[in-house]
Number of protein chains: 2
Amino acid sequence: MKTYQSMSRTELEQLQVQLQQQYKEFQGKGLKLDMSRGKPSKEQLDLSMEMMNVLNSQSILTCEEGTDCRNYGCLDGIREAKELLGAISEVPAENIIIYGNSSLNVMYDSISRSMTHGVMGNTPWCKLPNVKFLCPVPGYDRHFAITEHFGIEMINIPMTPTGPDMDLVEQYVNNDETVKGIWCVPKYSNPQGITYSDETVRRFANLKPAAKDFRIYWDNAYSVHHLYPDKQDFCLEILAECKKAGNEDIVYKFTSTSKISFPGSGVAAVAASENNLKDIKKSLTLQTIGHDKLNQLRHVRFFKNLDGIHAHMMKHADILRPKFEAVLDTLDRELGGLGIASWNRPLGGYFISFDSMDNCAKAIVQKAKEAGVVMTGAGATFPYGKDPHDSNIRIAPSFPTLEELKVAAELFVLCVKLVSIEKILETK
Amino acid sequence: MKTYQSMSRTELEQLQVQLQQQYKEFQGKGLKLDMSRGKPSKEQLDLSMEMMNVLNSQSILTCEEGTDCRNYGCLDGIREAKELLGAISEVPAENIIIYGNSSLNVMYDSISRSMTHGVMGNTPWCKLPNVKFLCPVPGYDRHFAITEHFGIEMINIPMTPTGPDMDLVEQYVNNDETVKGIWCVPKYSNPQGITYSDETVRRFANLKPAAKDFRIYWDNAYSVHHLYPDKQDFCLEILAECKKAGNEDIVYKFTSTSKISFPGSGVAAVAASENNLKDIKKSLTLQTIGHDKLNQLRHVRFFKNLDGIHAHMMKHADILRPKFEAVLDTLDRELGGLGIASWNRPLGGYFISFDSMDNCAKAIVQKAKEAGVVMTGAGATFPYGKDPHDSNIRIAPSFPTLEELKVAAELFVLCVKLVSIEKILETK
């Protein structure tokens, strides 16, 4: 296998003609495929259909503590939902507040509350001249969109195979009191599928923030979202590590069942220290009389416990795994050894992170779009949509069918090859 | 019937001894009744149990526009839910955004968003030295709690039988640009059960606010919540009136099915002009990927349309009406003509508003509590919990059973009599 860089101008031009011909054929197919978002497929949604039967007009709708789940009340969730979401989050039920259907909304509210009311008695951020967040990159576009919306300055922190560059994190957090937070997806990270090492988690837990109101925004979105029954990542539980370090107020953990049951109708939760929960409830008690307890009950009665969750997640894995493998096989087969791209091989989560040569990602995504395949916008994995190398592309294999995905992957590698050749020819 | 004021000291003291004896007997009963919140009773919740059956594992869970309601998406709600909540709000579906289970949460978010991002391009309120809200009194304690939480100064506006004192409202709104909002419960108001007159609604629609970002917070909580099939209040639809007045951006209307289906698991909505909806969606699109669409579908398939809602509300009325009448009959029989209290006779809503002699409300509520009947805290119907006359008490007859309610009402009138006598004796 010859790398593209080592090929002569003539060889590249001949290859280009061939590939352009193939690309035209794809354009003729009238494709309309979407690999842009981490959206479960219909087959995955069907896995939870029995959940629609667990509550009916004959059901007893009181929770264990005796509250009628149909009525007002129970601000922080029913006990058994705290147990279940606590188990998913690996924290005691005492450390949980149950929310509505969206953990994104919980994160948004956390930032919004910090802006208007501050964190645990500290100055509201809207009264400060500067507020900064650290953003491990590549990362989750919706995290960055929230911080940008609130005018918070974002600082890129490079990801490494063991998590964010912790030297840089410590340098910022421990010295700059305008740094108030960091966005983390610690397990099967979005988009790279990286799981933070034990050392990384311990260094997080042992941060000595210059700002009293600094918090780690630990978005545990993929905690039980493995692709394989036998090969799985493990991530140290941060809240316990923070407690050991005498630092238990430093982290908010977010989780939800969105990619476990139904993305539109799941249950979200935050896990945090007693002090943080007390602070959060000061606002929450004015914001709502309580979230949807019938849906909490529905989830508890369907999944029962963490074993039920794990068994269910293996059904998701059986649907997702062939899709990930189809994309990865195509990448390996078509791009392996060409020296024009690299990608990860995650054991869980929802994404494959792909890196092209510098200054090619936008053009690749555009080319795919022109042949009917929508990818996540290039740059989306960086704050302000600005990938300094224009090289990262997030591939989301979950939503299309396996057949569609194979076609989309073929087109994608073709676009990568074409754009790479153009780029190399420019400089030859 | 002699008024208490016209009785001699000796007569009052003799009566006091009798009443104290009766009060002691009540204390011996070990009552534990709650008339504090507008909480539907178990019987009312049972009316919607069939809603638990409309979706099951065999159901088609796509909405009319083809979206799979189980998945992510559909930020502002499914079309048919907009139709249904639009019908309840008397506005076109185009003017609706569907939310989660709590209209209180929608109101909280509206204030929070105005603090951090301003209203339609105007300065965020957190950057202003002063922000004021007008608060018709007596009013809803949770409205006042939200404004207080955000440090907004509240100004009392007396209620009249036709709505808030509009001379005062116009004077403030049209001249003071620090006045950014007014809380309104226009139909069957909380707690007085007053419905704004046509003239009041038109004067609202024709306000000429000094502040461009002034909004009317029109909490249409009881729009279809009648107590009688034949005697009902009507309230002019404000959004249409505002449009006629060239003022369509001036109002946010809030509604929910909390007191129609299940208080904990209803569907909430905001209705507003196109400009306002666009402004709201700028934040909403970052806050969530979408609210619970399965619950929207569940509501639509159960109620079908506005006729379905009205028929259902008459079942609620049949349960609520005897409770209201039991309390009102007791008030009439025991307190009528004594010159120590007045109260309203609402045709809908959830409350009876009761006014004692000045400086008696706190003592009455305390006395009732000491015999096992919890009322809404005296003062709660005023900003900062401060009733300048200490006279208003909100009675919520919905939650206790009819039997319990009769006992509670007997105790209540006894407390009113006892406290009134004490007060009169002080000044005789």
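From a predicted model like this one, the values you see are computed outputs, not experimental measurements. (Residues numbered from 1 in each chain as written. Chains lettered and ligands numbered in written order. Predicted model: local features only at pLDDT ≥ 70, side-chain atom pairs only at ≥ 80, totals over all residues. Heavy atoms only, no water.)

1. As for the overall build of chain A
Regarding its fold elements, chain A presents 13 helices and 13 strands. Scaling as 2.2 N^0.38, a compact globule of 428 residues should have a C-alpha radius of gyration of about 22 Å, and chain A matches this with 23 Å. If you line up chain A on its principal axes, its C-alpha atoms span 75 × 55 × 35 Å. By the burial criterion, 62% of the 428 residues in chain A qualify as buried. (Helix = DSSP H or I, 4+ residues; strand = E, 2+ residues; numbered from the N terminus. Rg over C-alpha atoms; globule rule 2.2 N^0.38 Å. Buried < 20%, exposed > 50% of the residue type's maximum accessible area, 1.4 Å probe, protein only.)

2. As for the packing of helix α9 (residues 274-287) of chain A against helix α5 (residues 141-149) of chain B
Put simply, α9(A) and α5(B) touch, their axes get as near as 9 Å, and they point 140° apart. The orientation of α9(A) relative to α5(B) falls into the category oblique. Contact with α9(A), carried on its side by Lys282(A), Ser283(A), Thr285(A) and Leu286(A), involves Arg142(B), Ala145(B), Ile146(B) and His149(B) of α5(B) and no other residues of that element. Each residue belonging to the contact of α9(A) with α5(B) can be placed in one class, and the counts come to three nonpolar, three polar and two charged. (Axes fitted to C-alpha atoms, helices over the stretch in contact; angles between N-to-C directions. Parallel < 35°, antiparallel > 145°, perpendicular 65-115°, else oblique. Contact = heavy atoms within 4.5 Å. Nonpolar A, V, L, I, M, F, W, Y, C, P; charged D, E, K, R; others polar.)

3. A word on the pairing of strand β4 (residues 153-160) of chain A
Residue and element names in this part refer to chain A. Summarising the sheet, strand β3 (residues 132-137) and β4 pair through six bridges and their orientation is parallel. Following the sheet pairing, leucine 134 is matched in β4 by isoleucine 155. In this view, the connection linking β3 to its parallel neighbour β4 by way of helix α5 (residues 141-149) has right-handed handedness. Here β4 pairs with strand β5 (residues 163-164) via two bridges, running antiparallel. Within the sheet, the bridge partner assigned to threonine 160 lies in β5 and is glycine 163. From the end of β4 to the start of β5, which pair antiparallel, there are two residues. (Pairing = 2+ DSSP bridges. Right-handed = clockwise from strand over helix to strand, strands pointing away.)

4. Observations concerning the sheet that holds strand β7 (residues 215-219) of chain A
In sheet architecture, strand pairing relies on hydrogen bonds along the backbone and comes in two forms, parallel and antiparallel. Residues and elements named next belong to chain A. The sheet built from eight strands is open, its strands ordered β2-β9-β8-β7-β6-β3-β4-β5 with mixed pairing. Each having just a single partner strand, β2 (96-98) and β5 make up the two edges of the open sheet. Sheet analysis places β7 next to strand β8 (residues 251-256), joined by four bridges and oriented parallel. Residue pairing for β8: aspartate 219 is matched across the bridge by phenylalanine 254. This element, helix α4 (residues 103-117), spans β3, β6 (179-184), β7, β8 and β9 (268-271) of the sheet and lies at about 150° to β8.

5. Let's talk about the pattern of salt bridges
All names here are of chain B. Applying the stated criterion to the full structure yields 50 salt bridges over all chains. A salt bridge links lysine 2 to glutamate 11, with the shortest nitrogen-to-oxygen separation between them at 2.8 Å. On the accessibility criterion, lysine 2 (43% relative accessible area) is partly exposed. The class for glutamate 11 is partly exposed, based on a relative accessible area of 30%. Across the pair arginine 37 and aspartate 141 runs a salt bridge whose closest N-O atoms are separated by 2.8 Å. Of this pair, arginine 37 sits in the loop between β1 (33-35) and α2 (42-46) while aspartate 141 sits in helix α5, and the two are 104 residues apart along the sequence. (Salt bridge = Lys/Arg side-chain N within 4 Å of Asp/Glu carboxyl O.)

6. Structural notes on the nonpolar core
Formed by 110 residues in total, the largest nonpolar core has its most connected members in Phe204(A), Ile216(A), Trp218(A), Phe204(B), Ile216(B) and Trp218(B). Once residues lying within four places of it in the same chain are set aside, the contact partners of Phe204(A) are Pro164(A), Met166(A), Val169(A), Ile182(A), Cys184(A), Tyr196(A), Ile216(A), Trp218(A), Ile238(A) and Ile250(A). Core analysis: the next-biggest nonpolar cluster, separate from the first, contains 68 residues, Ile97(A), Ile111(A), Trp125(A) and Tyr252(A) among them. (Core = buried A, V, L, I, M, F, W, Y, C linked by side-chain atoms within 4.5 Å.)

7. Some remarks on the interface of chain B and chain A
At the interface, 59 residues of chain B touch 58 residues of chain A. Taking both partners together, chain B and chain A bury about 4800 Å²; carbon and sulfur atoms supply 53% of that area. Contact with chain A buries surface across chain B, with Arg70(B), Tyr72(B) and Leu286(B) losing the most and accounting together for 16% of the total. The residue Asp46(B) makes a salt bridge to Arg70(A) at a minimum N-O spacing of 2.7 Å. Across the contact surface, chain B and chain A share 25 residue pairs in polar contact (both at pLDDT 80 or more). Put simply, the parts of the chain that give the side of chain B that touches chain A at least two residues each are α2, α4 (103-117), α5, α9 (274-287) and α10 (293-303) of chain B. Here the side of chain B that touches chain A gets eight residues from one element, more than from any other, and that element is α4(B). For the side of chain B that touches chain A, a count of residues per class yields 22 nonpolar, 23 polar and 14 charged. (Buried area = accessible area lost by both parts, 1.4 Å probe. Polar contact = N/O pair within 3.5 Å; in protein donor to acceptor, adjacent residues only side chain to side chain.)

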